[in-house]
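Inside the fold
The lines below spell out each chain.
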Amino acid sequence: MTTIIETLKKHKNKGSILELVTKDVLADYGFQNIRKQNSGSQYGFDLVANTKSKFDDRQEIWKFECKNLSTPINIDD
């Protein structure tokens, strides 16, 4: 994780890189049909992905908002 954070600090396109890394991590965790929202139509999230529920095997849809913050996020964020 430290390597990722250091890499992000050096680049101007941090947001795009963070989204690509998140996409790869989601795939590693078994998420499928991972899609990035088009620029300008965020609707409050950057990525959307599907996974099976661990409780009953139904398909779940998860939405992810990628932020590169230097402080912990809270409920107001």
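Here the structure is a predicted model, which is why all the values come from computation and not from measurement. (Residues numbered from 1 in each chain as written. Predicted model: local features only at pLDDT ≥ 70, side-chain atom pairs only at ≥ 80, totals over all residues. Heavy atoms only, no water.)

What to know about the overall build of the protein chain
Counting its regular elements, the protein chain contains 2 helices and 3 strands. Each helix and strand of the protein chain, ordered N terminal to C terminal, gives the series α-α-β-β-β. Contacts spanning at least 24 positions in sequence make up 19% of the contacts within the protein chain whose residues lie at least 6 apart. For the protein chain, the accessible surface area stands at approximately 6400 Å², while carbon and sulfur atoms represent 52% of it. (Helix = DSSP H or I, 4+ residues; strand = E, 2+ residues; numbered from the N terminus. Contact = heavy atoms within 4.5 Å. Areas by Shrake-Rupley, 256 points an atom, 1.4 Å probe, with all protein chains shown as cover.)

As for the side chain of Thr 22
Here Thr 22 shows up in helix H2 (residues 14–28). In this structure Thr 22 touches Leu 47 and Cys 66, once residues within four positions along its chain are discounted.

Observations concerning the pattern of salt bridges
Taken as a whole and judged by the stated rule, the model has 2 salt bridges. Across the pair Lys 36 and Glu 19 runs a salt bridge whose closest N-O atoms are separated by 3.1 Å. Of this pair, Lys 36 sits in strand E1 (residues 32–36) while Glu 19 sits in helix H2, placing them 17 residues apart in sequence. We classify Glu 19 as buried; its relative accessible area is 12%. For Asp 56, the salt bridge goes to Arg 58, with nearest N and O atoms at 2.9 Å. (Salt bridge = Lys/Arg side-chain N within 4 Å of Asp/Glu carboxyl O. Buried < 20%, exposed > 50% of the residue type's maximum accessible area, 1.4 Å probe, protein only.)

Let's talk about the environment of Phe 31
Within the secondary structure, Phe 31 sits in the loop between H2 and E1. When its relative accessible area of 14% is taken as the criterion, Phe 31 is described as buried. Taking the C-alpha atoms as reference points, Phe 31 and Ala 49, separated by 18 residues in sequence, lie 6.0 Å from one another. Each residue touching Phe 31, except ones within four places of it in the same chain, is listed here: Leu 26, Ala 49, Asn 50, Thr 51, Trp 62 and Phe 64.

Shape is all these values report; function is a separate question.
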